[in-house]
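# Examining the three-dimensional arrangement
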Amino acid sequence: MSKNRNPWVQVGEYTTLALTLPLATAIGYMIGHLLDHWLGTDYLKLVFLLLGIAAGFVELIRQVQKDKDDTTPPSDTMDSDGQR
């Protein structure tokens, strides 16, 4: 996170980060449960639970990468052509 951001914006972003994985997992399970009930199957809960977990991790990694890119200072190194 950038050091010059509003502290409330940072609180909001960290709260979102903390809720991403559990909510994605719960939503995946609920979708699977509803489809199991509607279609009369027993395995879709597990399938959608795993999809929810995967979606939660993907979003978590995206947010962490975005935050890491926001805090990385620009490098003052030369590229392969010798340019700055």
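Anything mentioned here points back to the structure above.
Structural notes, computed from the coordinates.

Criteria and thresholds
Residues numbered from 1 in each chain as written. Predicted model: local features only at pLDDT ≥ 70, side-chain atom pairs only at ≥ 80, totals over all residues. Heavy atoms only, no water. Helix = DSSP H or I, 4+ residues; strand = E, 2+ residues; numbered from the N terminus. Buried < 20%, exposed > 50% of the residue type's maximum accessible area, 1.4 Å probe, protein only. Contact = heavy atoms within 4.5 Å. Expected span 1.5 Å × (residues − 1).

### A closer look at the environment of R5
Among the structural elements, R5 can be located in the segment before α1 (7-39). Residue R5 is classed as partly exposed on the basis of its relative accessible area of 26%. When residues no more than four places from it in sequence are discounted, the contact partners of R5 are Q10, E13 and D70.

### Points about the environment of A26
Summarising the element assignment, A26 is placed in helix α1. On the basis of relative accessible area, A26 is assigned to the partly exposed category, the value being 34%. Along the primary structure A26 and L49 are separated by 23 residues, whereas in three dimensions their C-alpha atoms are 7.4 Å apart.

### Quick look at helix α2 (residues 44-71)
Between its first and last C-alpha, α2 extends 40 Å over 28 residues, near the 40 Å set by a 1.5 Å rise per residue. Looking only at α2, the buried set comprises L44, G52, G56, Q63 and D67. Here the buried face of α2 lies against α1.

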